[in-house]
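# Observations on the three-dimensional arrangement
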Protein chains: 6
Amino acid sequence: MVHDVERTASLIQRLEVQGARNIALSGVKALGDAARKSKAKTLKDFIKELERNADMLSKARVTEPALRNGLEEAVLAARCAGDVRAAKANVAASTKEYAGRLSKAFDRVIDIGVHRIRDGDVILTHCHSSTVTNLLKAAHKQGKRIKVFCTETRPKYQGRITAKELTAAGIPTTMIVDSCARTVMNDVDLVLLGADAFTSDGFLVNKVGTSQIALVAKEARTMLACACETMKFDPLTLAGSWEPIEERSVKEVWDKPPKKLKIFNPAFDLTPPHLLGFVITELGVISPFEVGHILRERQDAVKKRWEQ
Amino acid sequence: MVHDVERTASLIQRLEVQGARNIALSGVKALGDAARKSKAKTLKDFIKELERNADMLSKARVTEPALRNGLEEAVLAARCAGDVRAAKANVAASTKEYAGRLSKAFDRVIDIGVHRIRDGDVILTHCHSSTVTNLLKAAHKQGKRIKVFCTETRPKYQGRITAKELTAAGIPTTMIVDSCARTVMNDVDLVLLGADAFTSDGFLVNKVGTSQIALVAKEARTMLACACETMKFDPLTLAGSWEPIEERSVKEVWDKPPKKLKIFNPAFDLTPPHLLGFVITELGVISPFEVGHILRERQDAVKKRWEQ
Amino acid sequence: MVHDVERTASLIQRLEVQGARNIALSGVKALGDAARKSKAKTLKDFIKELERNADMLSKARVTEPALRNGLEEAVLAARCAGDVRAAKANVAASTKEYAGRLSKAFDRVIDIGVHRIRDGDVILTHCHSSTVTNLLKAAHKQGKRIKVFCTETRPKYQGRITAKELTAAGIPTTMIVDSCARTVMNDVDLVLLGADAFTSDGFLVNKVGTSQIALVAKEARTMLACACETMKFDPLTLAGSWEPIEERSVKEVWDKPPKKLKIFNPAFDLTPPHLLGFVITELGVISPFEVGHILRERQDAVKKRWEQ
Amino acid sequence: MVHDVERTASLIQRLEVQGARNIALSGVKALGDAARKSKAKTLKDFIKELERNADMLSKARVTEPALRNGLEEAVLAARCAGDVRAAKANVAASTKEYAGRLSKAFDRVIDIGVHRIRDGDVILTHCHSSTVTNLLKAAHKQGKRIKVFCTETRPKYQGRITAKELTAAGIPTTMIVDSCARTVMNDVDLVLLGADAFTSDGFLVNKVGTSQIALVAKEARTMLACACETMKFDPLTLAGSWEPIEERSVKEVWDKPPKKLKIFNPAFDLTPPHLLGFVITELGVISPFEVGHILRERQDAVKKRWEQ
Amino acid sequence: MVHDVERTASLIQRLEVQGARNIALSGVKALGDAARKSKAKTLKDFIKELERNADMLSKARVTEPALRNGLEEAVLAARCAGDVRAAKANVAASTKEYAGRLSKAFDRVIDIGVHRIRDGDVILTHCHSSTVTNLLKAAHKQGKRIKVFCTETRPKYQGRITAKELTAAGIPTTMIVDSCARTVMNDVDLVLLGADAFTSDGFLVNKVGTSQIALVAKEARTMLACACETMKFDPLTLAGSWEPIEERSVKEVWDKPPKKLKIFNPAFDLTPPHLLGFVITELGVISPFEVGHILRERQDAVKKRWEQ
Amino acid sequence: MVHDVERTASLIQRLEVQGARNIALSGVKALGDAARKSKAKTLKDFIKELERNADMLSKARVTEPALRNGLEEAVLAARCAGDVRAAKANVAASTKEYAGRLSKAFDRVIDIGVHRIRDGDVILTHCHSSTVTNLLKAAHKQGKRIKVFCTETRPKYQGRITAKELTAAGIPTTMIVDSCARTVMNDVDLVLLGADAFTSDGFLVNKVGTSQIALVAKEARTMLACACETMKFDPLTLAGSWEPIEERSVKEVWDKPPKKLKIFNPAFDLTPPHLLGFVITELGVISPFEVGHILRERQDAVKKRWEQ
């Protein structure tokens, strides 16, 4: 099957490819395929084309650093080459390595994180994150008797996916409306969340409502953990940008609202690092205040790899 | 039209009479009518019957102090009488006075509260409260250019009633999902809420989600006001009880949930007084820490009235 | 010397009469004198004239509840009379009683408050309050070895008046710029402030900067006390109004500012009750959350006095 | 058995009479007995003698407002009499009434408070308070399945008395060292404490360590309740005094400490009202911010009673 | 003297070797000695034996990362060798280097930390830490006039060791019961603590009661410093584990408790990094949020050293 | 023009050279010039002379890490040389490189930081920082419609410089007294500050009043950003020192104060990292908790450069 950049961008845009990891994998693959088949004669032309493709893919969804990181590493790899052939080889190597790294990171986050689930824990989660549900299922398989509260997660009810997945796995699960988190928080031992992105100054970008739940957890001294591959740490924010927040259709909230009513429907919100307890990454359990450092570390590593 | 105690209790139970004030008015009227038509021969029998009726009405919905207060005042009035005739007169006088006091209090809360709405204010409200919507419409009529954020208020979407009422009145209104309150809170000047009840130690009992919004408002130093007639202050709590919280059908949250999934659906939550700014009552703008005192004051006044 | 209402209002407006107590005393006296010399024939006319005078005086400065309280009590007294003669007598009695009550309250606040100054205390104060300086001097006279930090209090440097008064009394005093309060706060045992007004929901209205100092004190767990006669509790706020905050000339801040620069110069700010420790009043040491109750209590007392 | 003032004062001083209620009852009885047997000829002499006796008794232990309140009421009663005979009658009536009121209050606090214990509650308490242990035993008798954490309460291990009393009553109880409160706090539903005194501005005076536990409870959003008869509200503090805090022997902490080591051993500490949830009194469940008001209310009631 | 692994493990277990540094030094030495005397023929056998020994030693006490770090470095060193001889050499070099590094770190922490003690400081400490007492004695020797509050530290009264050591050194010291920390905290300039371990997400593991004192310090804006060699940063936690917390005998709390009483006696508690001010390490004064980074940095360094 | 070390130190001392960057550039240049012209014969003598010069320059103002960092790097470079000639070359290279790095960092901070200014932002700043004013002017040139509040910044009114610069650039600016920050904070979107220094544990050292504003911003959940080149991170603090805080003349506060009045006039204060949102450095937008790490990273880099 041929990976066409425009087609992949469109699939991502129309939500036919979903989930940070899937989006990153298919975007990076599309860039790699296009590079391999490039007809550019000069290095300059090749890089120009590569940048154009990376830009198109990265604009398909704005809040996807795992995609952006993979694309940028490939462009950087090409820039370090001396001619078109070497550049093609670099892009191929970079995209392949990135895809592998991303998959391994996912597994490693679960391996590390499962240690933090204790027998008897009551865990609250918000929205649907495959990292979180797989982590909970892994703990359940190890025989840990956990109970889960999941919010319904308006407007798109992703909490129902979580609820189905966990009850199917045999984990005792209770659903609440999003507004009910504070009512149950004193009975919760751990809030466990996924992440869409982390900014260089340690802010978590995740499904709208996350920051309220984090505040409610802090008020009750309930520990909050976030499971997140470091590929979701966003280098754009290190360079100064605010994390872009996608705004979605009003129909998701109210199908037929009164005429003059405005509806504000942002997909994500921003949780400050002082409301988070720890972050489970493939590098280990760390503080959210390390994000900036890891981003700089990685930028140096990528440069070093291709400059040699 | 005849007011039958059982029928009224049933109407209240089946939500065919709604809103704290309406429930209180119809319940108190039913008690008064039944007393008028009582065939009891002795004072003892009359009071026994009255108490049974009051009990049936008050159990129709558990979180309704405005109803309970009216019923209890009438019972107390009867107890102070010397014979059945005097007792009937006392009940008639008490229920009539209470209904009048309740209606005047509603108007007075709006008259007082409208002063606190400033030209240009951005106001956030949760759920639907007729005290709040009337207060906002009064401010709008006075020419104050206000804007309102209203939450949709899951699971029953009462926020849509608020949204319709306010947009119909010409007030620029924006709806958000309940989870989005923290995202907009820094742009809000005043959170304005109604109340279902206040406990003697100053806790607000209101639609589930209220306490999260209050916490979010406190975090952003946004002032929170509650508009509430003092008839909703609950004497049961002064005597030690926790405010009973109604739990409602799981169908409200998810019509066809997976089999093993539990759903927890409480109608109200408890907001601690340190998260509230001020309470607009018919006695004036006060602190929530005055509730216990006002309850004791009123108990003394009722006793004094009928003991003379 | 004749007390003319217009003249007194003008003296107050031009700051030739200063200090909440002085303003109240001279305003109330002017109202009383005018009532005594009134030529009104009917009770209705007399009351109309009295209300006009009270209004003119109360508008001379907006943030002066001690004045407003005295004027309102006199108007209420007149309204309870049966004819002009009785009304005149009531106004005379009311204004005299109020002046006496105000003076006694001032002394009583110092008598009560001096108990709270401990030997060895380091006290921080802001702006100039004669209640505070007299309280500190009384403690010093009792042999308590206190030290005082006083802010300079921009823009009008009222802290210099405090500094002069305290050093003249032999109290070791250190001046700081307003911005330096947090630097010294860990060495302070008590923040002691006066008040311009208290709102019915317990907010302190005092010289701009007070609320920052209160926040800084709370952060360091330093106790904050406010010395304040209950005549400064503002009944306007019980009835719904926000406390009006006087805005003053930009020249106070910068004599010759650049052309397009705006300068915002409010005289007072609002400190929420949760940042205050206790209030020293002539009724005793109380919580700021009692203000609303005391206001209602007093309104009842005034009504009762004149209605008998 | 004869109640001699000096002897009673000495018994109190030497801790042979213990517990706020016992101390108050025996002190007030001693004052009443001495008044009955007084040989004073003039009212002036009688009152002088009465005041001297009251003073001696009240100085026997400094942190005992329940005692002081009873003594002061009797002195006030005497002052309202016209001659010695009437004064003796007043003192007799006042001391008897006070003793009865105190005993009823104790029972009423338990009756009211037991409503706040829920089936399944995990409760933490500090030190030993008979109000608290009786309240817990009453809840246990009602069939509520509670569990209790009790601190050992250094230096005098009063927690062991609590532990013995509760285990003897069949209540599952776990002891922890005082330092361990934060470790278990997330599993606690209610912190339940007694009180030695309340100040007019709402501060709780209780066994040293109380304020740390209250802070730890607030951090974990665990509700804190205090069970306390209003006779322990201290009128001295309304009049300006800080609550006096007894300092006890260093031997209680370390029998044979190194020579130059100082040991600081205060019996009580001060918990600010914002760390308390509610207070269970014989007047009902109230906020700690009502203490000042109740003190003024009672002073008025006492005056009114004897002035008639 | 021969270092036998089993014997050393047993000495550690029976608390005959105490203090994180001593335990680490003797454990690492025992591992080195056993390696030197190993009779293993193949590299595989040698490593197997080494791992078994390391495991036995590390299980002797669960909360000892300084020991675990030294053992793990030695195992890693062996794994990088090509044959048994080289492996023996690597283990010898690694254990020797680690012991030296640990000792130097101890001295360096004191050299760095002594700068943070100011003339006139009032310092509060909890339990007994030789790093802390040596730091305080060093400051005292430099002529800094410090005063110290030390808690008695129930249940084992280690505060008495601290008190003896400091008074013997001539430092004015005051002992308090653990519950009294909040009473004196406003007079404290610096809370200075040792550490048993730090987790990768920045939590301090130290003697039970530490987290309460840290909370009390935060409430009073008193700076909290922790003196800790980075060898106590626990790599187990980076890999997901919670820090294991040793539970100790109930006899330590109450020698002869009533039969049904449970006693919960954990040796340590967990203090979140937001309650700490700074950490004095041999690398300098740092934030607790750097722990994860330093752990990863060190793992990389160890790998690099032996892989070359 | 000749750069004489003594003369440069004196110019810095007398504030004739101002601003952290200018001071650093002129100090480092003076050290470089002196090294070039040195007549030392041996490496030892050369280094001794260099150290003496660096010491004199660094003492000219105590709170200037950007200067200290440049001087120390040059001394370190010299120490790595084998003879006088190489040492001179190293010093020349080091000082030149440092000056260039510092200038580029300044530009880069503005390039990065301008992304964080949003169209419509209301920004509050304190004192005068050329990094901040240039950043605001850059945002204004990009067409972002910003409004600025600036404090007057007592005692030296540096806010007036800010006000002039911004109004001259056409940015709508409102001045307030320092005490007024809390009054306007709820209308502020971003507090933007410069820095005089950062300590290794993440504390910001900046103009007195900064920490109060930061506290006020936190209370209102207003984001606080600090723009700061990493050369201002202070390695002295990593080695244990507290950041030295310059105390300035009392005349700045009050020209002719009363005789016995003390005036305390520190130039800077200390803001804890938990009150800061993010730091804009030339390395990107980071958390203040990364300062210690970056300091260690840089020390390693400098060592590595010259040791090769």
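These numbers were taken from a predicted model, which means no experiment stands behind them.

What follows concerns the domain arrangement of chain A. Residue and element names in this part refer to chain A. For chain A, the assigned domains are domain 1 (2–109 + 297–307) and domain 2 (116–293). Measuring from the centre of the C-alpha atoms in domain 1 to the corresponding centre in domain 2 gives 28 Å. In this assembly, 21 residues from domain 1 lie in contact with 28 residues from domain 2. Between domain 1 and domain 2, roughly 2,000 Å² of surface is buried when both sides are summed, and carbon and sulfur atoms account for 59% of that area. Contact with domain 2 buries surface across domain 1, with Thr63, Phe106 and Val109 losing the most and accounting together for 30% of the total. With a shortest N-O distance of 2.7 Å, glutamate 246 and arginine 61 are connected by a salt bridge. At the boundary of domain 1 and domain 2, one finds eight residue pairs in polar contact (both at pLDDT 80 or more). Top element by residues in the side of domain 1 that touches domain 2 is helix 5 (residues 84–113). It accounts for seven residues. In terms of residue class, the side of domain 1 that touches domain 2 is made up of 10 nonpolar, three polar and eight charged.

For chain A, per-residue confidence averages 95 on the pLDDT scale, and residues scoring 70 or more make up 99% of the total. Our summary of model confidence lists the complex with pTM equal to 0.96 and ipTM equal to 0.93.

At the interface, 41 residues of chain B touch 41 residues of chain A. It is Ser179, Gln212 and Trp254 of chain B that lose the most area in chain B upon contact with chain A, and together they represent 19% of the buried surface on that side. Summed over the shared surface of chain B and chain A, the result is two salt bridges. For arginine 154 of chain B, the salt bridge identified is with glutamate 152 of chain A, shortest N-O distance 2.5 Å. Of all elements in the fold, only helix 7 (158–168), strand 3 (173–176), helix 8 (181–185), helix 9 (210–219), strand 8 (262–263) and strand 9 (268–271) of chain B reach the threshold of two or more residues within the side of chain B that touches chain A. Counting residues per element, the side of chain B that touches chain A draws most heavily on helix 9 of chain B, at five residues.

Once that is clear, we can look at the relation of the copies chain C and chain E. Once chain C has been moved 0.0 Å along the axis and rotated by 180°, it coincides with chain E to within an RMSD of 0.1 Å. Expressed as an axis order, the relation between the two copies is that of a two-fold axis. For chain C, the smallest separation between a C-alpha atom and the rotation axis is recorded for alanine 220 of chain C, amounting to 2.3 Å. Here 100% of the interface residues in chain C have copies in chain E that are interface residues too; the copies meet face to matching face.

A word on the arrangement of the chains. Contact between chain B and chain E is absent, and the minimum C-alpha spacing across the pair is 17 Å. Nowhere do chain D and chain F come into contact; their C-alpha atoms are at least 17 Å apart.

Counting residues at the interface gives seven residues for chain C, matched by seven residues for chain E. The contact between chain C and chain E buries some 740 Å² in all, and 26% of this surface belongs to carbon and sulfur atoms. Its largest share of buried area at the contact with chain E, chain C owes to Asn186, Glu219 and Arg221 of chain C, together 75% of the area lost on that side. Counting across the chain C and chain E interface gives two salt bridges. Notably, a salt bridge pairs glutamate 219 of chain E with arginine 221 of chain C, separated by 3.8 Å at the nearest N-O pair. Our enumeration of links across chain C and chain E arrives at four residue pairs in polar contact (both at pLDDT 80 or more). The residue makeup of the side of chain C that touches chain E, split by class, is two nonpolar, one polar and four charged.

The subject of this paragraph is the environment of lysine 39 of chain C. Examined against the element boundaries, lysine 39 of chain C turns out to sit in the loop between helix 2 (20–36) and helix 3 (43–59). On a C-alpha basis, the gap between lysine 39 of chain C and valine 84 of chain C in space is 9.8 Å, while along the polypeptide they are 45 residues apart.

With that settled, consider the packing of helix 3 (residues 43–59) of chain A against helix 5 of chain A. Residue and element names in this part refer to chain A. Two numbers describe how helix 3 lies on helix 5: the axes approach to 9 Å, and their chain directions differ by 30°. In terms of axis orientation, helix 3 runs roughly parallel to helix 5. The hand of the helix 3/helix 5 crossing is right-handed. Contacts from Leu43, Phe46 and Leu50 of helix 3 reach helix 5 at Val84, Ala87, Lys88 and Val91. For the contact of helix 3 with helix 5, the per-class residue count stands at six nonpolar, no polar and one charged.

Residues and elements named next belong to chain D. Relative to each other, helix 1 (residues 5–13) and helix 3 (residues 43–58) sit at 15°, their axes nearing to 8 Å. Comparing the axis directions of helix 1 and helix 3 gives the class roughly parallel. Considering only the axes of helix 1 and helix 3, their crossing is right-handed. Each of Val5, Glu6, Thr8 and Ala9 in helix 1 lies in contact with helix 3, whose residues at this interface are Asn53, Met56 and Leu57. Classifying every residue of the contact of helix 1 with helix 3 by side-chain character gives four nonpolar, two polar and one charged.

Residue and element names in this part refer to chain B. Taken together, three strands build an open sheet; the order of strands is 5-6-9 and the sheet is antiparallel. The open sheet is flanked by strand 5 (197–198) and strand 9, the only strands paired with a single partner. One ladder, built from four bridges, connects strand 6 (residues 204–207) with strand 9; its direction is antiparallel. For leucine 204, the partnering residue across the bridge sits in strand 9 and is threonine 271.

Attention shifts here to the packing of aromatic side chains. Within this structure, the stated rule accounts for 18 aromatic pairs over all chains. Taken together, a centroid distance of 5.8 Å and an interplanar angle of 90° make the contact between tryptophan 242 of chain B and phenylalanine 278 of chain D edge-to-face. Within this pair, whereas tryptophan 242 of chain B is found in the loop between helix 10 (235–238) and strand 8, its partner phenylalanine 278 of chain D is found in strand 10 (residues 278–281), the two belonging to separate chains. Given a relative accessible area of 0%, phenylalanine 278 of chain D falls into the buried group. Put simply, the rings of Phe289 of chain A, Phe289 of chain E together with Phe289 of chain F pair up and form one aromatic cluster. Sitting over the face of the ring of phenylalanine 278 of chain A, arginine 116 of chain A holds its NZ or CZ atom 4.6 Å from the ring centroid. A cation over an aromatic ring shows up here: arginine 21 of chain C above the ring of phenylalanine 106 of chain C, its NZ or CZ 3.5 Å from the ring centre.

With that settled, the discussion passes to the relation of the copies chain B and chain A. Rotating chain B by 180° about the axis while translating it 0.0 Å along that axis superimposes it on chain A, leaving an RMSD of 0.1 Å. When the interface residues of chain B are mapped onto chain A, 100% of them again lie at the interface, so the same face is used by both copies.

Here we take up the pairing of strand 7 (residues 223–227) of chain C. Residue and element names in this part refer to chain C. The element strand 7 is extensively covered by neighbouring structure, given that five of its five residues are classed as buried. Here strand 7 shows two buried faces, one formed by Met223, Ala225 and Ala227 and the other by Leu224 and Cys226. With four bridges connecting them, strand 4 (residues 190–193) and strand 7 associate as parallel partners. Paired with leucine 192 across the strands is alanine 225, a residue of strand 7. As defined by bridge partners, strand 7 adjoins strand 10 (residues 278–281) across three bridges and the pair is classed as parallel. Bridged to alanine 227 within strand 10 is isoleucine 280.

Ordered in space as 5-6-9 (chain F), the three strands form an open sheet in which the pairing is antiparallel. Edge positions in the sheet fall to strand 5 (197–198) and strand 9 (268–271) of chain F, since each of these pairs with one other strand and no more.

Residue and element names in this part refer to chain B. What you see with strand 10 (residues 278–281) is no split at all: Phe278 and Ile280 on one side and Val279 and Thr281 on the other are buried throughout. Looking at chain direction, strand 10 and strand 11 (residues 284–286) are connected through three bridges and run antiparallel. Across the sheet, residue valine 279 finds its bridge partner in strand 11, namely isoleucine 286. Adjacent in sequence and paired antiparallel, strand 10 and strand 11 are bridged by two residues.

Rules used in this analysis
- Residues numbered from 1 in each chain as written.
- Chains lettered and ligands numbered in written order.
- Predicted model: local features only at pLDDT ≥ 70, side-chain atom pairs only at ≥ 80, totals over all residues.
- Heavy atoms only, no water.
- Domains from an automatic or database assignment.
- Contact = heavy atoms within 4.5 Å.
- Buried area = accessible area lost by both parts, 1.4 Å probe.
- Salt bridge = Lys/Arg side-chain N within 4 Å of Asp/Glu carboxyl O.
- Polar contact = N/O pair within 3.5 Å; in protein donor to acceptor, adjacent residues only side chain to side chain.
- Helix = DSSP H or I, 4+ residues; strand = E, 2+ residues; numbered from the N terminus.
- Nonpolar A, V, L, I, M, F, W, Y, C, P; charged D, E, K, R; others polar.
- pLDDT = per-residue confidence, 0-100.
- Least-squares fit on C-alpha atoms with pLDDT ≥ 70 in both.
- Axes fitted to C-alpha atoms, helices over the stretch in contact; angles between N-to-C directions.
- Parallel < 35°, antiparallel > 145°, perpendicular 65-115°, else oblique.
- Left-handed = near helix turned anticlockwise from the far one by under 90°.
- Pairing = 2+ DSSP bridges.
- Phe/Tyr/Trp six-rings, centres within 6.5 Å; stacked < 30°, edge-to-face > 60°.
- Buried < 20%, exposed > 50% of the residue type's maximum accessible area, 1.4 Å probe, protein only.
- Lys NZ or Arg CZ within 6 Å of the ring centre and 35° of its normal.

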